[in-house]
Structures are given as structure tokens and as C-alpha cells.
There are 2 protein chains.
Amino acid sequence: MTTSNRNVVSTLGADGKLTVELVEEEITDPVGHEVLIRIDGAAINPSDLGLMFGPALLEQAEFSPGKIVAPMPEAAAKALSGRVGDAIRIGNEGAGTVIAAGEEPEAQALLGKRVSGRPGGLFSNYRIADARTCLELPDDLPIESAAASFVNPMTAVCFVETMRQEGFKGLVHTVAASNLGQMLAKLCKEEGVPLVNIVRKQEQADILRSIGTEHIVDSSQEDFNARLIDAIDATGALLAFDAIGGGNMASRVLSAMDAVCMKGTAYNRYGSEEMKKVYVYGTLDFGPTILDRSFGFTWNVSGWLVMRYFMSLPKDRQDWVQERIIKGLRSTTLASKFKHRIGLDELFERDVALACNAKTTGEKYLLIPNG
Amino acid sequence: MTTSNRNVVSTLGADGKLTVELVEEEITDPVGHEVLIRIDGAAINPSDLGLMFGPALLEQAEFSPGKIVAPMPEAAAKALSGRVGDAIRIGNEGAGTVIAAGEEPEAQALLGKRVSGRPGGLFSNYRIADARTCLELPDDLPIESAAASFVNPMTAVCFVETMRQEGFKGLVHTVAASNLGQMLAKLCKEEGVPLVNIVRKQEQADILRSIGTEHIVDSSQEDFNARLIDAIDATGALLAFDAIGGGNMASRVLSAMDAVCMKGTAYNRYGSEEMKKVYVYGTLDFGPTILDRSFGFTWNVSGWLVMRYFMSLPKDRQDWVQERIIKGLRSTTLASKFKHRIGLDELFERDVALACNAKTTGEKYLLIPNG
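What you see is a predicted model; the values in this text were computed from it and never measured.

Asker: How should I be thinking about helix H6 (residues 179–191) of chain B in this particular structure?
Answerer: One full turn of an α-helix is made of 3.6 residues, so residues set three or four places apart face in the same direction. Residues and elements named next belong to chain B. Its 13 residues place the ends of H6 18 Å apart at the C-alpha level, agreeing with the 18 Å of an ideal helix rising 1.5 Å per residue. Considered for burial, the residues of H6 that qualify are Asn179, Leu180, Gly181, Met183, Leu184, Ala185, Leu187 and Cys188. Downstream of H6 by one or two residues, Gly192 has phi in the positive range, about 70°.

Below, the structure is given as C-alpha cells:
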């Protein structure tokens, strides 16, 4: 038996053009540990948009039903030459119902249950996953939380876990009003973790204030640096997570941390001795990261990927992360909100694709493939 | 009793002007664990020049006997505001003869011996140091090696120690023809450590080739990136030490490392899973570090300071580092060469100060304060 399926696939051509299309296929029935999931909802996250559209010039694309063909800036096409010709399935997270299962007991046990999985390619009607990598979700969880139970909740919980593992006392988050940022603010409050929240406009500060967040610093204000120093001083936060990537935010954060550490000590051209660290976990700005090194020599800027981090944890810490996610989803601390719901076909409409790809705060899209 | 002394002091004024001058003082006799060292020679290293002159506009300075007053670019003066008014003694490394000692046995034991120490301020006729932090040197060591027994040799040995401690298999060095770079090349050969040597012109490549160095890559050549990839592939070097600081060298090295790690694997937008790391240990270029992040998410760029690193090592590894330094100084592997010898007064002559501050490869200066 097979099941007819449509899935969103992104391919970069040798001509530098990016094609995103709905591809039809037949899925064969699950065997062994496999389960067949009917996708009930999939979150459209910046990481999905990055893989699906990346730096393509979507404004100049040709749109037709189930197909978008967009030119790519030459430098970007060159940088992405490694993916030329690869048909990449899109969709990092989502939840669905197990409608068929292989013969192994782990697979059979999930029949009829709602699960989230991480096989990739979840912008589909159906998807095969390994039952042993699925997270069984409570039946009464709203689809919004279920569909976004993986990327953002796991990222927020793993920020806290990283901080504790490395012995830091507080966190700085550079995109604090994002969906993830709001989750992190609530999580840090519950976990007693001091958090400095950097936003880039007043409305974003208001959003955070409305959920009871302290230490909000607006980078659009003239006194940003001074306030950032005050907030880091008040929290002792010497570990930052940055999703902007490009520009000088990481550098400014490190300078503020160094200024706090140097307070009341004699001049030292090598900067303060405390470790000051920024993890870059996203690429909202594709430009280069610019470090002015006005923060001495004891600093560290690193890439950070939630799955690589999670997989590096010992089993007992992985279990804690997963339990903390379920607890947070139930209490709404880690629950997501979506402004828009769209079907698979709508994703290929010009207005929807552009709005979705703008990644505007508070404008998240939920994909309902079988709606 | 006191001893008349002159020492080189650098002070940044509130007006943004940098004053470097020979200051006279009386040194009181050593007590307790102290020894009084008559300085026989002190190496003038980039780290000394950085502290003494930094980004000051030396070309526009006023020179008078024993005094230089130089304007500072406004941005630099602002960045260095933490040192305004501090009279900073210059001279990180040097060797001398102990001519007086406190009453403690550790101090008495060094009377008449040649030692190197790290009290700072060694661009002086005399200096007090704690006997317990002095390294006793063999009597027959030439003054050039003795005077430079600390910064470069310890840095080279600690590069190798860092590599082993962190589990890397080889090193990349971005200023390979420097005095330190040549030491490192010889040390790595003896220690069996694969080393990629980046130089920026043909003459530098020739210097390294003349001492039997493999894997030399010239950044001024058009095929630099391709050759860098080949050299990293051949050596497996995924840890780099960079003394340039500004510009995109760290970024280019990380991209080459990622390209090597991705060879023969499928496209992965998150880059290769192996850790790729650059330590920035110097500031030959005061401009910002520019990372284009074309190397995925598993990377790390950190500041690195030899003394902070050395002090973080367990005692047995510190002992190994020190023994390896003495061995290398004796065998000339870690011995330094100087092109010029100058006295304290000459340092304040316009031509000498400018030539010295140019940090030209092969043009190192040795200070002989009592010559």
C-alpha cells in the first residue's frame, strides 16, 4: 500500500535560481520501527525560511500554483554552491497523528497518538519517522503548542542548560521579543535565571513588559550601551545568545560585559579576566559578524545549534530537557502563538510568501497541511 | 640604600595625547623574597609596542630626549579611556643578573645568577622581582635568547599544549614568518605537530623554507584559498592561532577548515560537525575582526593570552612547559634573533621609534638598558 503525499521541496539550480515547489510522491507503508504521521500542524520558523528561501530575492520571483522560482544574489549562490541540485525537503518541526505503524512494539505503541518528530520535511501531508525519535504529546495540547513543541521550546530550555553547564550566572538574549524570546523570558523567570532582554523597538519592549519581564534594553535608544551595562551589572549575565549574526551586536554585548567586569579595577589592556561569551545561533542578518575587540582577550564567540548541543548532552540531561519541555507546553510557558494559519497551496501565493519570509515579530505562520 | 634607575613609562592623558618617557626613580633594596635584577637585555615585542604606543599616530609625534608625545585617533583614545592617567611601566620580558637579594633563602639562592622574570616594566636599568616567579637561566645562554626566553618561547610551547589539551590534531598559524612563527615551525617539527604556515609575501615563505618548513601558504597569491584548503586537508589542522586580529583572516581560515570537513559529504546548511577554532592572540591589525560565517555553526573564535592560559594549567603541565622552554633555548629551537640593539635613550629617537614600531618581519629590536 502507498499514501499519496505532497511536500515542499527547495532546490538551488546550477543557474543560480532557487525553485521552491510542491512535489507529489507516494509514501510506502511503514515497516519495523517506522510510523506514518498525518501532519496536523507545522510551525514555519526562521530556520525553515532560511533553508527554503535563504537569501533569494523573493520580491523578484515568479509565482505560480505550487511553484516559486527566485533569483539569488551572485555572492549568495556561490556561497551556497554546496547545495546545487539537492532537492531539500522543508519543515523542521510539526505534530501529527500516527495513522500507521511498523510491526515493532515501539511503533505499534504510538498508533492513534499525537506525536512530534524530527525527521525533517514536515511541510507535507504525511511523513515517515522513526518511532524511537518521536515525542509523545498529551492529547489535550492545542495544535499550536503541539506543532511548535520542538525547535523553540528545546532551544529555550537548552539555553538555560548551556548556562548552567558552563557555570554562567545569567543570560543575555539579543532578539528578546521573538516567539522564542518570550518563551525564554517566561522560562527564566520560572527557573530563577537572570535575563537581559535586548529588543530593537519600543513595541517589542512593551510586549515583554506585558508578560512581566525585567531588564529590557532597547537597541534603538541612544543610551543603549549605558543601559546594557546597567542591565548586565544587575544580572551578572556574561553569556549571550544571539540570533542576529550579522553586524556588531555580539561585539557591543561583549564590550558591555567587559565594562561591567572592569568596574572598580585598574586599567588592564588585556581586559577583564572573567570569561565573556556569545553564542551565535541564528542569521537574521546575513552580513558578516563584526567584532571590534574592545573587550580584551578573555572572550569567546561560537556558533550554536540546538540539535548538536542536545545530542552532546548525557542521557540524564537530555531527559531533563524533554521533561522540562512537556511541563512548559502544559503550563503555556513554552507554548507558541501564531497569527496566521495557512495551507500548503497558500504558501506559494506571492503575498503570503513575502509576509511569511519577513519574519515580523508577532506575525508567525502555522502551516495546516491537511486543513 | 637605594639604586638610581630609569624606566620607560607610557601615559595616556585626558587630552587624548600619549606621552612615553624615561622616568627617573630610586629603587629601595630588596627585602624578603625580592631580588634586584640588573637588566642585561629586554626584547621589544609587539605586545610591548602595543602597550607603549598602541594606535597613537607616531608619525605626528613630538620627539625630544627621553620623551615622545603623540596624538591618538579620537576613536582609539575613547576605546582606551580606561587607562587615562595611569603611568604604565613598559617591558614584558627580559633577563638580567641578580645583584641584591632579600633575606629569604629563595632570594639568596639567586644572587649572582642570570634570571628572567615577569614583573613587567623591564625597559629599565634595574627591576625588583619576586624570586619565586623568576626562571633561573643557564649561564652560557646568549643574551639574545635569555632576553627573549619568556614571551615567544612560552607562547609557542603553549600553542602546542593548547592543541593537545583540546584534542586537535594540527595547527594553523597566520603570522608564520614572525620570530614566534619561526620558533613554532621548529618546535612543531620536533614535537611531530602538523603545522600550516600562513605568510603574506614570498620573502616570508623563503625564510620558512630555509629552515625546512612544509605547508607554507602565501595569502598574497590568487590561489590562496585553494592552497589553504589543500594544506588543511593534508595536516588535519582545525585549530588556528591568529595574531592579525583585524580583517577576515580568521574567517577565511574557518571557511577553509569547513570546506575540508565537508569534502565528500552531502550539503548541510549548518556546516560540518567537527569543531573548527581560531584563537586571536594578537592585534597586528587594530581593525575589527570580520567573520562572514560561511562555515556553518560549529566554530569558535576566542581571545587567547599566554599568561592566562599558562596560569590555568595544572602544575605538572606548567612544569612541562618550563622544561620545554629551557630545552628549546639550549638547542636554539626557541632561541631568538635580533637585527638591532639599542639603548634606553635611542628608543626615543624618531627614526628608531618608527622603525621599531613598524614590527617588520626580521627587524626585531633588543634593548640593552645598561649597554
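Asker: Help me understand the sheet that holds strand S18 (residues 299–303) of chain B in this model?
Answerer: Sheets are built from strands that pair by backbone hydrogen bonding, the pairs being arranged parallel or antiparallel. Across the sheet, twelve strands lie side by side as S13(A)-S12(A)-S11(A)-S14(A)-S16(A)-S18(A)-S18(B)-S16(B)-S14(B)-S11(B)-S12(B)-S13(B); this open sheet has mixed pairing. A strand with exactly one partner marks an edge of an open sheet, and here the two such strands are strand S13 (216–218) of chain A together with strand S13 (216–218) of chain B. In this sheet, neighbouring strand axes are inclined to one another by 20° on average, regardless of whether the strands run parallel or antiparallel. Relative to strand S12 (residues 195–199) of chain A, strand S11 (residues 171–173) of chain A is paired through three bridges, and the arrangement is parallel.

Asker: Could you clarify how one ought to interpret the packing of aromatic side chains in this entry?
Answerer: Given two aromatic rings, one states the distance between the centres and the angle between the planes to describe the pair. Residue and element names in this part refer to chain B. Applying the stated criterion to the full structure yields 18 aromatic pairs over all chains. Between Phe241 and Tyr281, the aromatic rings sit 6.4 Å apart at their centres with planes inclined by 65°, giving edge-to-face as the arrangement. In this pair, Phe241 is assigned in strand S14 (residues 239–242) and Tyr281 in the loop between strand S16 (276–280) and strand S17 (285–291), connecting sequence segments 40 residues apart. In terms of burial, Phe241 and Tyr281 fall into one category: buried.

Asker: What exactly am I supposed to notice about the relation of the copies chain A and chain B here?
Answerer: One copy of the chain maps onto the second through a rotation about an axis and a displacement along it. Structural alignment of chain A on chain B gives an RMSD of 0.1 Å, achieved by rotating through 180° and translating 0.0 Å along the axis. Between the two chains, the operation in question is that of a two-fold axis.

Asker: When you look at the interface of chain A and chain B in this model, what are you seeing that I'm missing?
Answerer: Quoted interface sizes are often the accessible area lost when the parts come together. Taken together, the 42 residues of chain A in the interface contact 42 residues of chain B. When chain A packs against chain B, close to 3,100 Å² is buried across both sides, 54% of that on carbon and sulfur atoms. Counting every contact that joins chain A to chain B gives zero salt bridges. Applying the counting criterion to the chain A and chain B interface returns 26 residue pairs in polar contact (both at pLDDT 80 or more).

Asker: For this particular structure, what's the right way to read the nonpolar core?
Answerer: Buried together is how nonpolar side chains tend to be arranged in soluble globular proteins. Residues Leu171 of chain A together with Leu171 of chain B are the most contacted members of the largest nonpolar core, which totals 145 residues. With sequence-adjacent residues up to four places away left out, Leu171 of chain B is seen in contact with Phe159, Val160, Met163, Cys188, Val193, Pro194, Leu195, Val196, Ala237, Leu239 and Phe241 of chain B. Judged by nonpolar contacts, the second largest core, of 45 residues, contains Val35, Ala42, Val115 and Leu367 of chain B.

Asker: Help me out: how do you make sense of the side chain of Asn45 of chain A in this one?
Answerer: Within the secondary structure, Asn45 of chain A sits in the loop between strand S3 (34–44) and helix H1 (46–52). Among the polar contacts listed, one links the side chain of Asn45 of chain A to the side chain of Lys364 of chain A, at a separation of 2.6 Å.

Asker: Where do I start with the domain arrangement of chain A in this structure?
Answerer: Residue and element names in this part refer to chain A. As far as domains go, chain A holds domain 1 (2–148 + 336–367) and domain 2 (151–308). The C-alpha centroid of domain 2 is placed 30 Å from the C-alpha centroid of domain 1. In total, about 910 Å² of surface goes out of reach between domain 1 and domain 2, with carbon and sulfur atoms giving 58% of it. Where domain 1 packs against domain 2, one counts zero salt bridges. Our count for the contact surface shared by domain 1 and domain 2 stands at two residue pairs in polar contact (both at pLDDT 80 or more). Partitioning the side of domain 1 that touches domain 2 into residue classes produces two nonpolar, five polar and five charged.

How each quantity is defined
Residues numbered from 1 in each chain as written. Chains lettered and ligands numbered in written order. Predicted model: local features only at pLDDT ≥ 70, side-chain atom pairs only at ≥ 80, totals over all residues. Heavy atoms only, no water. Helix = DSSP H or I, 4+ residues; strand = E, 2+ residues; numbered from the N terminus. Expected span 1.5 Å × (residues − 1). Buried < 20%, exposed > 50% of the residue type's maximum accessible area, 1.4 Å probe, protein only. Pairing = 2+ DSSP bridges. Axes fitted to C-alpha atoms, helices over the stretch in contact; angles between N-to-C directions. Phe/Tyr/Trp six-rings, centres within 6.5 Å; stacked < 30°, edge-to-face > 60°. Least-squares fit on C-alpha atoms with pLDDT ≥ 70 in both. Contact = heavy atoms within 4.5 Å. Buried area = accessible area lost by both parts, 1.4 Å probe. Salt bridge = Lys/Arg side-chain N within 4 Å of Asp/Glu carboxyl O. Polar contact = N/O pair within 3.5 Å; in protein donor to acceptor, adjacent residues only side chain to side chain. Core = buried A, V, L, I, M, F, W, Y, C linked by side-chain atoms within 4.5 Å. Domains from an automatic or database assignment. Nonpolar A, V, L, I, M, F, W, Y, C, P; charged D, E, K, R; others polar.

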